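In case you want the letters, here they are:
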Amino acid sequence: MSKPRRLIVVSNRLPITRIGSGAGSRWLTSAGGLVTAMVPILKRRGGCWVGWPGGTGRSQRTIDHEGIRLHSVRLSQADMAGFYHGLSNRTLWPLFHDAIRTPEFRREWWKPYVEVNERFARATARAYRPGDTVWIHDYHLMLVPAMLRAMKPRARIGFFLHIPFPPEELFSWIPWRDELLEGLLGADVVGFQTHGAAQNFSRAARRHTDAEGTDSELEGQGRSITVREFPISIDFDWFDERARMPESIAEAEEIRRLVGRERKILLAVDRLDYTKGIDHRLEAYELLLRSGAVNVRECVLIQIAAPSREPVREYAEMRTRIDRMMGSLNGEFSEPGRVAVHYFRRTLSREEVVAYYRAADVMVVTPLRDGMNLVAKEYCASRSDTTGVLVLSEFAGAASQLRQALLVNPRDTEGMAEAMLAALKMKKGDAKFRMAVLRSMVRRHDVHEWADSFLEALAA
Ligand code: ADP
Ligand code: G6P
């Protein structure tokens, strides 16, 4: 029998992030969907991960983390500014999310983006052995497929984009659009979260490069490139099992006791990102309270938000805006012993997040645009007793799979308030039916199925 191919995962963010430097530094689990998805894959299959350990300090070149070998790529202060906070998070991230914030196009960010991509390609080439499969991830590393192809022409190279791919009209704003497309065309398989994103890419590639072909199969650079959607998912069994554990049940019970057992809990868990619609959600909740449709004796909102990309101005502004809105909501609607909203601006452990999922009657996931959104899937997987209601934005990739959620347009404040109210008042039978369908969807299409289908396409 032939040996399975060794897997090399390449992404900007490693599964652990170093906080601080020198003797006082410590490692934290990284937040974000990419890490949540890829850790169980590498744990099951084995292999290694090439990525950045966070910060600009020195760290060992290779680190062993939960049986996964991590190869670290260093970034300098200047790389952080140009490659990470600049081109990745002030140009590509906002542009690929419907230009929710105005993207900036600065020439001085392009050079570090190219240089850091080269560094990642070289680090991957060093880890590469003939026969390995290389799987490159996300918008930070769009040039790596072609760079690595030049170094290792016979390698099987896959690329998966975790965020949306915008329509050609938006994509063509980027002064370096041709280079980015050529970079991706270096892969054998280019995967996206949705069919629409895959189509957008193929159209842009046909328009701006020499590639020809259909939406799902392009010919370019003398090779054929498969373009397809592979909707990402979660490790269903881990969340399901964790939620059934006595510790999780007890922690959830304690959360309910602390907020008041008679109150229904609405929960939101996000990275603190302007794409997540946290402010729109708070406006809808405020409307519910102001209209008298609900009051703080009956319900409470818990918002858990992991700080993210804080040196980027738009993120700092969002944080300040959310802080202010929280203060205003509580100032206006709280009563003694009953705050309107609990706000935790921190990254919790996965186990703690599960306890909150278990405690929550209603999960409110309302991004303005999201590649997939794993929080919505994690909530369903954690509802092992098939209770709980999911309110979900129709602009999350997950909406095309999780049809039994209450789907909302987050820009329609009244509509979102109505959906939150409907979720709070939903009859038990209806809620159970919906949750059972949602859970079976996430169980059937878990992260292992996702990785299998991508890697099968790459092996073909
Ligand atoms: P994104 O990748 O854009 O952050 P996703 O919803 O796909 O959005 O994935 C977010 C991941 O990060 C989930 O696994 C979620 O559990 C985790 N996460 C988000 N916020 C927090 C938080 N405050 N504490 C701990 N984990 C969090
Ligand atoms: C999203 C992106 C990931 C990224 C994560 C956290 O999930 O798709 O590539 O790692 O957000 O963001 P950060 O900038 O902290 O890596």
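No experiment lies behind these values; they were computed from the predicted model shown.

### Focus on the overall build of the protein chain
Move 1: Of regular secondary structure, the protein chain possesses 16 helices and 18 strands.
Move 2: Over its C-alpha atoms the protein chain spans a radius of gyration of 22 Å, differing by no more than 12% from the 23 Å that the globule rule assigns to 460 residues.
Move 3: Across its three principal axes, the protein chain shows a C-alpha extent of roughly 65 × 55 × 50 Å.
Move 4: Within the protein chain, the fraction of its 460 residues that count as buried is 58%.
Move 5: Partitioning the intrachain contacts of the protein chain with sequence separation of at least 6 by distance along the chain shows that 74% fall at a separation of at least 24.
Move 6: Looking at the protein chain as shown, the accessible area adds up to about 18900 Å², and 49% of this sits on carbon and sulfur atoms.
Move 7: In the protein chain, which carries 67 positive and 58 negative side-chain charges, the distance between the mean positions of the two groups comes to 4 Å.

### Structural notes on the pairing of strand β12 (residues 223-229)
Move 1: Of the strand pairs in this sheet, strand β9 (residues 189-192) and β12 are connected by 4 bridges, and their pairing is parallel. For Phe-192, the partnering residue across the bridge sits in β12 and is Glu-229.
Move 2: Where strand β11 (residues 217-220) meets β12, 4 bridges bridge the pair, whose relative direction is antiparallel. Bridge pairing links Leu-218 to Ile-225 in β12.

### Observations regarding the site of ligand 1
Move 1: Within the structure, ligand 1 sits among 19 residues, and Gly-33, Thr-36, Arg-271, Lys-276 and Glu-378 are positioned closest to it.
Move 2: In this structure, a nitrogen atom belonging to ligand 1 sits 2.9 Å away from a main-chain N or O atom of Arg-346.
Move 3: Measuring from an oxygen atom of ligand 1, one finds a side-chain N or O atom of Glu-378 at 2.5 Å.
Move 4: For ligand 1, the protein covers 92% of the area, taking 570 Å² as the surface of the free molecule.
Move 5: Elements with a minimum of two residues in the shell around ligand 1: α1 (33-45), β13 (264-271), β14 (299-306), α12 (350-359) and α13 (374-382).
Move 6: Considering only residue class, the shell around ligand 1 consists of 9 nonpolar, 5 polar and 5 charged.

### Examining the pairing of strand β6 (residues 68-72)
Move 1: Counting buried positions along β6 gives 4 out of 5 residues, so the element sits mostly inside the fold.
Move 2: Sheet topology note: the strand β4 (residues 48-52)/β6 ladder contains 4 bridges and is parallel. Residue pairing in the sheet places Val-50 in a bridge with His-71 of β6.
Move 3: Here strand β5 (residues 62-65) runs beside β6; their pairing, made up of 4 bridges, is antiparallel. Bridge pairing links Thr-62 to His-71 in β6.

Rules of the game
Residues numbered from 1 in each chain as written. Chains lettered and ligands numbered in written order. Predicted model: local features only at pLDDT ≥ 70, side-chain atom pairs only at ≥ 80, totals over all residues. Heavy atoms only, no water. Helix = DSSP H or I, 4+ residues; strand = E, 2+ residues; numbered from the N terminus. Rg over C-alpha atoms; globule rule 2.2 N^0.38 Å. Buried < 20%, exposed > 50% of the residue type's maximum accessible area, 1.4 Å probe, protein only. Contact = heavy atoms within 4.5 Å. Areas by Shrake-Rupley, 256 points an atom, 1.4 Å probe, with all protein chains shown as cover. Lys, Arg positive; Asp, Glu negative; His and termini not counted. Charge placed at Lys NZ, Arg CZ, Asp CG, Glu CD. Pairing = 2+ DSSP bridges. Near = heavy atom within 4 Å. Polar contact = N/O pair within 3.5 Å; in protein donor to acceptor, adjacent residues only side chain to side chain. Nonpolar A, V, L, I, M, F, W, Y, C, P; charged D, E, K, R; others polar.

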